[in-house]
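# Summary of the model geometry
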Amino acid sequence: MATNAVLTLDDLDTWQCEGTSLAVLGHPIRHSISPAMHNAALEEMARLNSRFSNWKYVKFDVPPEHLSQAMARLHAKGFFGLNLTVPHKVLAFSRVDCIDPAALPIGAVNTLKREPQGWRGFNTDGYGLRMAVRETLNIELADSHVILVGAGGAARGAAVECLQNKCRSLWIGNRSAENLDRLIADLRGLSASMPVHGFSTESTPSGIPSNALLINATSAGLRPDDPLPIALTVLPKPAGVYDMIYNPAETPLLRIARSLQIPAANGLSMLIHQGVRALEIWSEASVPVAAMREAATRAMQR
Ligand code: NDP
């Protein structure tokens, strides 16, 4: 079977588990380049260690109402690891059997590892973001005032990473007040010594410092007719703009940032680094970052 095919749960009826199977679950999932990236790394790992010669990574389209069933069936079929993408990260948090302590304050998981009785949940998004921002914008979360837009699963990982790395201040903006308030309440235990400021992206925020790092962790920008996640021109000029979206490679937010001479980067680097960390968790081996980067870049050019 082609490892880039989009599978559904119906394909599990005839699934033959030879070797070690990994998968990403999402809805939609057709656009995902994770199989290309992971299979390239696994191919290189197999050249050095035959233990990896029969590992493969595939993608499943799983709507949110079928997530629990998918997790149970993939476990029963012997899958060893899963990645979760939109819209599953927060949903899966309460459905895994145990949670890596580092993922507990996040309230969302993007990586599951097989345990005898079920799945252990991890979150590698924050690590991926920290490495990506360093690599593409030469910015350290630890030194930065951060404006984070979004309050979903990806924003949760980013917010916890910013606070654990002792960013200078954290401003979180979101469209819906309900999700924003819930995230800020959940962060309270981590942010005792540093206030987390919430604001509505529907209005002009006040008090935001200049030279902050602006991170888009919303899905606004995935589709051509999406609104901007935040009006960049009403903010004091940021030091850099990081958009977690990588497809399209240039969102309207990134285009505006570049037109204002603000350093800007898309989410491909984050995708690579969160994937590296996930593969390290599953394989307990060193992962070839260059092979993943090359495969991801190639897949984006197709
Ligand atoms: P969720 O569905 O959990 O959260 C979506 C967020 O986007 C919410 O804050 C939501 O606001 C906001 N949003 C959605 N549509 C709009 C809109 N039209 N206008 C304004 N805000 C909007 O998704 P995730 O957090 O899992 O993912 C968010 C984005 O990050 C996705 O684009 C995903 O592809 C990307 N991502 C990239 C990664 C990478 O490695 N590069 C890793 C993880 C995610 P509200 O609360 O108001 O509904």
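Here is what the cut-offs are and how they apply
One numbering rule holds for all chains: residues counted from 1, following each sequence as written. The predicted origin of the model limits local features to residues at a pLDDT of at least 70 and limits the giving and counting of side-chain atom pairs to 80 or more, whereas totals for whole chains, interfaces and linings rest on all residues. The basis for every side-chain value is the complete set of non-hydrogen atoms in the structure, without hydrogens or water. Here, nonpolar core means buried Ala, Val, Leu, Ile, Met, Phe, Trp, Tyr and Cys residues that are tied together by side-chain atoms lying within 4.5 Å of each other. Classification of residues uses two cut-offs on accessible area relative to the type maximum, computed with a 1.4 Å probe and protein chains only: under 20% is buried, over 50% is exposed, and between them is partly exposed. Only DSSP runs of H or I covering at least 4 residues are called helices, and only runs of E covering at least 2 are called strands; the numbering of each starts at the N terminus. Any residue with a non-hydrogen atom lying within 4 Å of a molecule or strand is treated as near it. Distance and chemistry together define a polar contact, namely a pair of N or O atoms within 3.5 Å, with one atom able to donate a hydrogen and the other to accept it when in protein, and with adjacent residues in sequence counting only for side-chain atoms on both sides. Three categories are distinguished: nonpolar for Ala, Val, Leu, Ile, Met, Phe, Trp, Tyr, Cys and Pro, charged for Asp, Glu, Lys and Arg, and polar for the others, with Gly belonging to the last. We call two strands paired when DSSP finds no fewer than two bridges between them. Throughout, a contact is declared for two residues whenever any of their heavy atoms are within 4.5 Å. In this analysis, axes come from line fits to C-alpha atoms, helices being fitted only over the stretch in contact, and the angle between any two N-to-C directions falls in the range 0 to 180 degrees.

Let us now look at the nonpolar core. In terms of nonpolar packing, the biggest core is built from 34 residues, with Leu129, Leu148, Leu170, Ile172, Leu187, Tyr242 and Met244 touching the most fellow members. By residue number, the principal contributor to this core is helix 5 (residues 153–164), which donates 7 residues.

Glancing now at the site of the ligand. Around the ligand lies a shell of 25 residues, among which Ala154, Asn174, Arg175, Asn179 and Met244 are the nearest. The side chain of Asn174 places a nitrogen or oxygen atom 2.8 Å from an oxygen atom of the ligand. The contact in question runs from an oxygen atom of the ligand to an N or O atom on the side chain of Asn179, over 2.7 Å. Within the residue set of the shell around the ligand, elements represented by two or more residues are helix 5 and helix 8 (268–283). Broken down by element, the shell around the ligand gets its largest block of residues, 3 residues, from helix 8. Partitioning the shell around the ligand into residue classes produces 12 nonpolar, 10 polar and 3 charged.

Judged by pairing direction, the sheet is mixed, and its 7 strands sit side by side in the order 1-3-2-4-6-7-5 without closing on themselves. Among the strands making up the open sheet, the edge pair consists of strand 1 (6–7) and strand 5 (98–99). Bridge analysis of strand 6 (residues 111–115) against strand 7 (residues 118–122) gives 5 bridges, and the strand direction is antiparallel. Bridge assignment links Lys113 to a residue of strand 7, and that residue is Arg120. In this fold helix 1 (residues 34–48) packs onto strand 2 (20–26), strand 3 (55–61) and strand 4 (81–84), with an angle of close to 175° to the strand it touches most, strand 3.

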